Amino acid sequence: TALNDQIALLAAGGLNSSDELLALKILIHLMGDLHQPMHLGHLSDLGGNLINVKLFNRDAKLHSVWDNDVVENTHKWSYSEWQFQIDRATEAEQQQITAGTIIDWAKETYLIAAEIYKATPMNYKVSYDYYSTWGPVVELQLLRGGLRLASILNSIYDPQ
């Protein structure tokens, strides 16, 4: 709902520059959240915030592992290297990724969250193998989020 609200607000136009900037910031943030699997995790554990794991022998929460550690440690790439490495989808793949609705995309991310829950029980010991296993998912979710955000921005600012 919040994403659709921001899209409608921006698409309607007529915002002053500070309101438009705020709406863009909210849109960008929420699109990122939509593609971070634990943001679509269980309400009962606050999206993994109540799931304790061991991250290289230190205490951590599953949610924070997915907010930070999995992304930062999957590859030691700069932002431009991430973009170069993952932005390789063909035109057909891009169309497939950007098809559907925000609800469809949320369901897709929710299914990934379900797999993460199965693979990461309470007190799971996160190590380099975990990063290796989930690295392709991180790359795909970053690609999906970026392409979908670009598609939304194009629909707002360059509808043709």
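Structure shown above.
Everything quoted here is computed from the prediction, not taken from an experiment.

Undergrad: I'm lost on the pattern of salt bridges in this one. Help?
TA: If the charged atoms of two oppositely charged side chains come close together, the side chains can form a pair. Within this structure, the stated rule accounts for five salt bridges. For Glu108, the salt bridge identified is with Arg144, shortest N-O distance 3.5 Å. Separated by 36 residues along the polypeptide, Glu108 in helix H6 (residues 102-119) and Arg144 in helix H7 (residues 128-157) bring together distant segments of the chain. When salt bridges that share partners are traced, they join Glu108, Arg144 and Arg148 into one network.

Undergrad: Any chance you could explain the packing of aromatic side chains here in plain terms?
TA: The geometry of an aromatic ring pair is captured by the separation of the ring centres together with the interplanar angle, meaning the angle of the planes. What the rule picks out here adds up to eight aromatic pairs. Between Phe56 and Tyr128 the ring centres are 4.8 Å apart and the planes differ by 55°, which places this aromatic pair in the tilted class. Placement of the pair is Phe56 in the loop between strand S1 (52-55) and strand S2 (58-61) and Tyr128 in helix H7, with a sequence separation of 72 residues. Of the residues examined, Tyr128 reaches a relative accessible area of 62% and is grouped as exposed. Each ring, one from Phe56 and one from Tyr131, has its centre 6.0 Å from the other, and the planes form 45°; the classification is tilted. In this pair, Phe56 sits in the loop between S1 and S2 while Tyr131 sits in helix H7, placing the two residues 75 residues apart along the sequence. Exposure remark for Phe56: the relative accessible area of 39% places this residue in the partly exposed category. An aromatic cluster is defined as three or more aromatic residues linked by ring pairs; in this entry it consists of Trp66, Tyr124, Tyr130 and Trp134. For Arg88, the ring lying beneath its charged end belongs to Phe84, and the centroid distance is 5.2 Å.

Undergrad: Even after reading the chapter, I still don't get the pairing of S1, so can you show me in this structure?
TA: The two faces of the sheet receive side chains in turn, since in a regular strand these alternate between them. Because side chains alternate across S1, one face comprises the buried residues Val53 and Leu55, and the other comprises Asn52 and Lys54, none of which is buried. Two elements, S1 and S2, share four bridges in a ladder whose sense is antiparallel. In the strand pairing of S2, Val53 is matched with Ala60. Taken together, S1 and the strand that follows it, S2, pair antiparallel across an intervening segment of two residues, in which Phe56 is found at a positive phi of about 50°. Here S1 pairs with strand S3 (residues 124-126) via three bridges, running parallel. Bridge pairing in S3 places Leu55 opposite Val126.

Undergrad: How should I be thinking about the layout of surface pockets in this particular structure?
TA: Vacant regions in the atomic arrangement are exposed by a probe of water-molecule size rolled over the atoms. Size it by volume and the largest pocket reaches roughly 830 Å³. Taken together, 30 residues form the lining of the largest pocket, with Gly32, Val71, Val138, Gln141 and Leu142 sitting closest to its centre. Put simply, the parts of the chain that give the lining of the largest pocket at least two residues each are helix H2 (17-35), helix H3 (62-74), helix H4 (79-86) and H7. Per-element tally for the lining of the largest pocket: the top contributor is H7, with nine residues. Residue composition of the lining of the largest pocket, by class: 15 nonpolar, eleven polar and four charged.

The rules behind the values
Residues numbered from 1 in each chain as written. Predicted model: local features only at pLDDT ≥ 70, side-chain atom pairs only at ≥ 80, totals over all residues. Heavy atoms only, no water. Salt bridge = Lys/Arg side-chain N within 4 Å of Asp/Glu carboxyl O. Helix = DSSP H or I, 4+ residues; strand = E, 2+ residues; numbered from the N terminus. Phe/Tyr/Trp six-rings, centres within 6.5 Å; stacked < 30°, edge-to-face > 60°. Buried < 20%, exposed > 50% of the residue type's maximum accessible area, 1.4 Å probe, protein only. Lys NZ or Arg CZ within 6 Å of the ring centre and 35° of its normal. Pairing = 2+ DSSP bridges. 1 Å grid on protein atoms, 1.4 Å probe; cavity = no way out; pocket = protein on both sides within 12 Å on 5 of 7 lines; lining within 4 Å. Points joined across faces, edges and corners; volume = space filled by probe spheres on them. Nonpolar A, V, L, I, M, F, W, Y, C, P; charged D, E, K, R; others polar.

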